[in-house]
Amino acid sequence: MSVDVDKSDRSPAGPPPPPPSIKAIPVRHYGRWVAAVVVIAVIVLLGRAFATGNVNWDAIPEYLFNADILKGLRNTLLITLLSMIIGIVLGVILAVMRQSKNPVTSTVAWFYVWFFRGTPVYVQLFLWFNLGLVFQYIDIMPIYKDEWSDFMTPFLCALLGLGLNEAAYMAEICRAGLNAVDEGQTEAAHALGMSHGKTLRRIIVPQAMRVIVPPTGNEVINMLKTSSLVIAVQYYDLLQAAQNVGRDSGVVVEMLILAAAWYLIATTVLSIGQYYLERYYARGSSRQLPPTPLQRAKAKLSGGFHRAGGAA
Amino acid sequence: MTTTKSTSKTAGTSGAPMVKAEGVHKSFGPAHILKGIDLEVAPQEVFCLIGPSGSGKSTFLRCINHLEKVNAGRLSVDGELVGYREHNGKLYELRDREVAARRRDIGMVFQRFNLFPHMTAIENVMEAPVQVKGESRSAARERATKLLDRVGLSDKAAGYPSQLSGGQQQRVAIARALAMEPKLMLFDEPTSALDPELVGDVLDVMKDLAADGMTMVVVTHEMGFAREVGDSLVFMDDGVVVESGHPREVLGNPQHERTKSFLSKVL
Ligand SMILES: Nc1ncnc2c1ncn2[C@@H]1O[C@H](COP(=O)(O)OP(=O)(O)OP(=O)(O)O)[C@@H](O)[C@H]1O
Ligand SMILES: [Mg+2]
């Protein structure tokens, strides 16, 4: 009732005058101040402990671009990239196989995922390494014949161990993505005369990507770190390199910290890439994409001062 | 508009039926949905299908372009059996590729639009000509521009579906179907997901199509459209055709009890 009265009072008067801006004492966020003090104190204490501790900090920049370390880093990035490629390609194939009307195909895919998700990747790496006990020779009849141990290099062990394991996880991610696309999309594409394959490639997969990309980004980042397990098959990755250099030069802990730094740098770069990839696949899904951090920072610098003041 | 339509209509009536259903049955597992549908749609006819929810209207429409498989009876489009090839008195199931080829000639418009959300309006319209017919992108773009213009959306060509209103999306969907130059258009309640004030724009596009002599099968709750534009009307209930005839007769003077009670609820 009272609302009606207000409205009828205001409407004939034309545009209302701008309301006087509110003058009020902002809420004081004491908790934020306390938290900030605690965090700073912890950082200072930790920093002092590390700085005065028995760590030779100078060794870290010295070995940052050491040839062996860089070789290890390169191998880590290479094995991550190649395993992910195997994982994604095989994962997509397995996901499509799972949805196949052919019961043989879908069952094979089911068993694959069941086995490779059901066993630890560390164990799988060891198994690949020791498969020579089962197969003494590799004999792809006309093309290739060799002793298993010569064929199954540390690189191949690492690649198969990580890649095939990853495929099982990617298959589940892709399946979830494909299922997330509305059935009406398939119908619309079929009604236009598109074949199954075209529908999948042009209509379903691009939309499934929105669901698939974020967890795949996580998988890449995880893979980068999981790849340190390839030490089990004696592949010369970043961690192996750091340990070797550390042992030879008597800077074991320093080299571990260095390895951690390199892993952090690599995962940070990947996270940034993931962010922009997600934006790309989100196109058309929301009316307006949120601003990138760069755009947000610019907006904050130009217009956000009084808001920052209010929060403090 | 009416003159072009009546002249084209006389030309069409002599031809074989565009859609012919004889005793069409369809079940989903134990649920018997279509229980022997017989009907004929003449070329250039606007054929309206009405009936209560769950009566099987959408199911029948989807059978026409083989999105659903018929269980019994014969269903043909433009003289060709839907989903099968007949040879020496035996039926052979069509391969996916052949089914897809037949669907090119049948446009379909859905209640929920089903535009491709990752493509702009014009890309939606271009997609099938480029991917299915192998048309060049520039030729497809030119035609898509004309089609969007025809449905009154030339200024929305670069918009994504999520940026368009429901009525605009449905008009893009109609343009998308028309881009394949179909000989038959199927509409499944094209306006029932729309706000009332947006219904008119879509119906106008459909009237324009009818005036151009397009053969249309329209499932609709818009009795005004059926009366004004429809050439025949079928009332379906519980999987059977209860009553059929000219829209004005069926709507104005229904003969069956079920038709009467349905119309009393919707009119
Ligand atoms: N894929 C399916 N599997 C099982 N049952 C189905 C399937 N599709 C439709 N049905 C059933 O078939 C019946 C008829 O559905 P249909 O969509 O054809 O009705 P309709 O006449 O179009 O109704 P509405 O006006 O609500 O759209 C419904 O009872 C529905 O539950
Ligand atoms: Mg329906």
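The residue count restarts for each chain, going from 1 along the sequence in the order it is written. In the order they appear in the text, chains get letters beginning with A and ligands get numbers beginning with 1. Only residues with pLDDT of 70 or above have their local features reported here, since the model is predicted, and side-chain atom pairs are shown and tallied only from 80 upward, although totals for entire chains, interfaces and linings are computed over all residues. Calculated side-chain values reflect all of the structure's heavy atoms, with hydrogen atoms and water omitted.

*Asks:* Is there a simple way to explain the sheet that holds strand β1 (residues 19-28) of chain B in this structure?
*Replies:* The strands that make up a sheet pair up through hydrogen bonds in the backbone, lying either parallel or antiparallel. All names here are of chain B. Strand pairing is assigned whenever DSSP detects at least two bridges linking the two strands. For the purposes of this entry, the term helix denotes a DSSP run of H or I that reaches at least four residues, the term strand denotes a run of E that reaches at least two, and both are numbered from the N terminus. Sheet architecture is open: 4 strands sit in the order β2-β1-β4-β5, paired in antiparallel fashion. Edge positions in the sheet fall to β2 (31-41) and β5 (80-81), since each of these pairs with one other strand and no more. As paired strands, β1 and β2 are joined by 8 bridges and run antiparallel to one another. By the bridge assignment for β2, K20 is matched with E40. Pairs of residues are marked as contacts when any of their non-hydrogen atoms sit within 4.5 Å. Axis lines are fitted through C-alpha atoms, for helices just across the contact stretch, and the angle between N-to-C directions can take any value from 0 to 180 degrees. Taken strand by strand, helix α2 (residues 57-64) contacts β1, β2 and β4 (72-77), and its axis lies near 60° from that of β2.

*Asks:* Whenever I open this one, the environment of A189 of chain A confuses me. Can you help?
*Replies:* Positionally, A189 of chain A belongs in helix α9 (residues 183-191). When a residue's accessible area, from a 1.4 Å probe over protein chains only, is under 20% of the maximum for its type it is buried; when over 50% it is exposed; and in between it is partly exposed. Looking at A189 of chain A, the relative accessible area reads 0%, which means it is buried. Setting aside chain neighbours within four positions, we find A189 of chain A in contact with M194, T199 and I203 of chain A together with F116 of chain B.

*Asks:* Help me understand the packing of aromatic side chains in this model?
*Replies:* Only Phe, Tyr and Trp rings take part, Trp by its six-membered ring, and two of them pair if their centres are within 6.5 Å. Stacked means planes under 30 degrees apart, edge-to-face means over 60, and tilted covers everything else. Using the criterion set out here, one finds 11 aromatic pairs over all chains in the structure. Ring geometry for W110 of chain A versus F111 of chain A: centroids 5.2 Å apart, planes at 90°, classification edge-to-face. The exposure class of F111 of chain A is partly exposed, given its relative accessible area of 45%. Placement of a positive charge over a ring is assigned whenever Lys NZ or Arg CZ falls within 6 Å of the ring centre and within 35 degrees of the normal to the ring plane. Just above the ring of Y236 of chain A sits the side chain of K71 of chain A; from NZ or CZ to the centre is 4.7 Å. Between the NZ or CZ atom of R176 of chain B and the centre of the ring of F116 of chain B, over which it lies, the distance is 4.5 Å.

*Asks:* Would you explain the confidence of the model for chain B in this entry?
*Replies:* Low pLDDT marks regions whose predicted coordinates should not be analysed in detail. Residues and elements named next belong to chain B. Taken residue by residue, chain B gives an average pLDDT of 92. The fraction at 70 or more is 95%. For every residue, the predictor states its confidence as a pLDDT score lying anywhere from 0 to 100. A low-confidence stretch, residues 1-13 (pLDDT under 50), is modelled with 15 contacts involving residues beyond four sequence positions or located in other chains. Overall fold confidence (pTM) sits at 0.78, and the ipTM for the predicted complex is 0.92.

*Asks:* Is there a simple way to think about the interface of chain A and chain B in this case?
*Replies:* Contacts between the two partners involve 21 residues from chain A, matched on the other side by 26 residues from chain B. Here chain A meets chain B over a buried area of about 2200 Å², counting both sides, of which 54% is carbon and sulfur. Counted as salt bridges are all cases of a side-chain nitrogen of Lys or Arg within 4 Å of a carboxyl oxygen of Asp or Glu. If you look at where chain A meets chain B, you find 2 salt bridges. One salt bridge connects E127 of chain B with R202 of chain A, and the closest N-O pair in it is separated by 2.7 Å. Here a polar contact means two N or O atoms within 3.5 Å. Within protein one must be a hydrogen donor candidate and the other an acceptor candidate, and residues neighboring in sequence count only if both atoms are side-chain atoms. Along the contact surface separating chain A from chain B lie 7 residue pairs in polar contact (both at pLDDT 80 or more). Mapped onto the side of chain A that touches chain B, the elements with two or more residues apiece are α9 and α10 (196-226) of chain A. Ranked by residues supplied to the side of chain A that touches chain B, first place goes to α9 of chain A with 7 residues. Buried area counts how much accessible surface, traced with a 1.4 Å probe, disappears from two parts once they are put together, with both parts' losses summed.

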